[in-house]
Amino acid sequence: MLSLSTLLILWLAAVCRVSSTILQNGQVKPTSYANTLVSLSSRSFTTYAANATEISYQGRWDSKHVSWWSAPGLRFGYTGQTVAISFGNWTSNGVLVAYRIAGLDWMFTNVTTGGTHLLVSPTTPGSISYPRTFELRVTNWAFGVQINAVHVAPGEKLVKLPQNSRRIEFIGDSLTSGMFQSYEGLSGWAYGLGAGLGNTDYSVTAYPGVCAADQNCWGNPRGQVHQWFYTSDTSSRANAMYGAYFVDTDKPEPWDFSKRPDADLVFVCIGTNDCNAVNNVTSQAYTDALTKIIQGVHGKWPNSQIVVLSLWLGFYKYQNWWYPSAPSCFEKEVYQVYQSFNTEAYLQNPTIYDGVTKKTSQTGKSAKPFVHYFNTTGIMQHNDINPGYHLTDVGSIKIASQLQQYVKLQFGWEFQATGPEVYHDTTYWNDEATY
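Thresholds applied
Residues numbered from 1 in each chain as written. Predicted model: local features only at pLDDT ≥ 70, side-chain atom pairs only at ≥ 80, totals over all residues. Heavy atoms only, no water. Disulfide = S-S within 2.5 Å. Buried < 20%, exposed > 50% of the residue type's maximum accessible area, 1.4 Å probe, protein only. Helix = DSSP H or I, 4+ residues; strand = E, 2+ residues; numbered from the N terminus. Contact = heavy atoms within 4.5 Å. Core = buried A, V, L, I, M, F, W, Y, C linked by side-chain atoms within 4.5 Å. Polar contact = N/O pair within 3.5 Å; in protein donor to acceptor, adjacent residues only side chain to side chain. Pairing = 2+ DSSP bridges. Axes fitted to C-alpha atoms, helices over the stretch in contact; angles between N-to-C directions. Parallel < 35°, antiparallel > 145°, perpendicular 65-115°, else oblique. Left-handed = near helix turned anticlockwise from the far one by under 90°. Nonpolar A, V, L, I, M, F, W, Y, C, P; charged D, E, K, R; others polar. Arc of directions from axis to C-beta.

Here a disulfide denotes one covalent bond, and it connects the sulfur atoms of two cysteines. Per the stated rule, a full pass over the model turns up 2 disulfides. Covalent S-S linkage joins Cys211 and Cys217, the inter-sulfur distance amounting to 2.1 Å. Taking the sign of the S-S torsion, -100 degrees for the link of Cys211 and Cys217, the bridge is left-handed. One exposure class covers both Cys211 and Cys217, and it is buried. Between Cys275 and Cys329 runs a disulfide, and the two sulfur atoms are separated by 2.3 Å. Taking the sign of the S-S torsion, about -95 degrees here, the bridge from Cys275 to Cys329 comes out left-handed.

As structure tokens, this is what we get:
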């Protein structure tokens, strides 16, 4: 949900991001990100093109190797002690990326349009040890990068890593994308769940302000019932790339669902923008859109288990107590949609939807129940919501932790993370016991 004040904060945050500044609780957060920009012409590398099979792209990237949505990334193994990446002209200048060697802590740097950045060198901690794997994630949901090439030391090579054995898809809006959290996508609950489970590939197809219904909401020209079927998000970057994109043409690339294995689990958390009176989405329009999103997922990934989350808006204070605002935001509609997919009549011959052709059809065969409901009520308290009506970092951690246990109990997934950090800058404690 976005208010006018929130949009102003969003604009200010975008300005600050370009100048490499993070505002935390309204104050400038100290940062000491390395300047990794180097001159490509002055160095010798073994170079791999962006389409090298050794590079595993995470999240959604288009045919030009431009990243979209929240926390997209890439992974590969390498030999030697050097990794550099050349970024293309569709890279948002100054965007903050996180990167790391194997299971070491995240490092951060601001990358430049058309620049080459030396991210691993013989002086980088961990560069002489094993395993030598590399991961990069774009922190910002609005900005992105374009990969031109990946470089290693002369005579060295990239190594293709095996796929993780489990896959999760997240579909949502600002509550899922990590908006207003310290490292945005990398501080959000969706990233925390995907990375925290371990041995899991994850894609966060979420963007602030977007509605489920296919209409303009807070400047997003299309809703997720349409946009989830496409590679790019609804940002100004997409509009700049595709021109008259949202009006009468489908210039953006439809997402090729065959290029990745099907998601095992899909989490859907969307509707707070639909329920904002400014956007004037009716209960029926929201219900239809949410229904088609789920039908679309089942059409593309018939074996996926889908979890629909109840929505949260924040809290209000009345006299000496705090109360949740969520009941005013399609609470009944979300639950009724969940119920509709678990009726015997529906499961006998499920309806599926294609957001590109805008056609519905039936599978022609029965299915076991595949839609689940997760009630977020009671997990967060009023101080887990920041003044911009979005989660604090701690609020995201609480949601992710609860969902980890839910995934283990409901679907039998064991925790396979073995110790590498998930959330950065959360190591705070008290050494003074006598105050």
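Okay, back to it.
We now examine helix H3 (residues 189-197). For H3, the tally of buried residues reaches 9 of 9 residues, placing the bulk of the element in the interior. Regarding H3, the residues found buried are Trp189, Ala190, Tyr191, Gly192, Leu193, Gly194, Ala195, Gly196 and Leu197. Structurally, H3 contributes buried residues whose contacts are with strand E14 (166-172), helix H2 (174-177), strand E15 (200-206), strand E16 (265-269), strand E17 (305-309) and helix H9 (393-411). Looking one or two residues past H3, Gly198 carries a phi angle of roughly 80 degrees, positive in sign.

What follows deals with the nonpolar core. Core analysis: the largest hydrophobic core is formed by 80 residues, its most contacted members being Trp189, Phe267 and Trp312. Look past the residues within four positions of Trp312 in its chain and what remains in contact with it is Leu175, Trp189, Cys269, Thr272, Ala326, Thr376, Met380, Ile385, Leu391 and Ile399. Counting 38 residues, the second largest nonpolar core, distinct from the first, contains Tyr48, Val83, Val95 and Tyr207.

Take the environment of Ser182 next. Checked against the element boundaries, Ser182 lands in the loop between H2 and H3. Within the structure, the side chain of Ser182 is placed 2.6 Å from the side chain of Asp393, a separation counted as a polar contact.

Across the sheet, 5 strands lie side by side as E3-E10-E7-E12-E4; this open sheet has antiparallel pairing. A strand with exactly one partner marks an edge of an open sheet, and here the two such strands are strand E3 (37-38) and strand E4 (46-49). Relative to strand E10 (residues 116-120), E3 runs antiparallel, the two sharing 2 bridges. Among the inter-strand pairings, Leu37 is bridged to a residue of E10, identified as His117.

Moving on, we get to the packing of H3 against H9. Look at H3 against H9: their axes get within 8 Å of each other, and the N-to-C directions meet at 45 degrees. Considering the angle they form, H3 stands oblique to H9. Crossing of H3 over H9 shows right-handed handedness. Between H3 and H9, the residues in contact are Trp189, Gly192, Leu193, Gly196 and Leu197 and Ser396, Ile399, Ala400, Leu403, Gln404 and Val407, respectively. A per-class count over the contact of H3 with H9 returns 7 nonpolar, 4 polar and no charged.

What follows deals with helix H7 (residues 331-340). An α-helical segment advances 3.6 residues per turn. Residues three or four places apart therefore align on the same side. Those residues of H7 that fall on the buried side of the exposure criterion are Glu333, Val334 and Val337. For H7, the buried positions fall inside an angular range of 100 degrees around the axis, keeping them on one side. Against helix H6 (283-300), E17 and strand E22 (371-374) lie the buried residues of H7.

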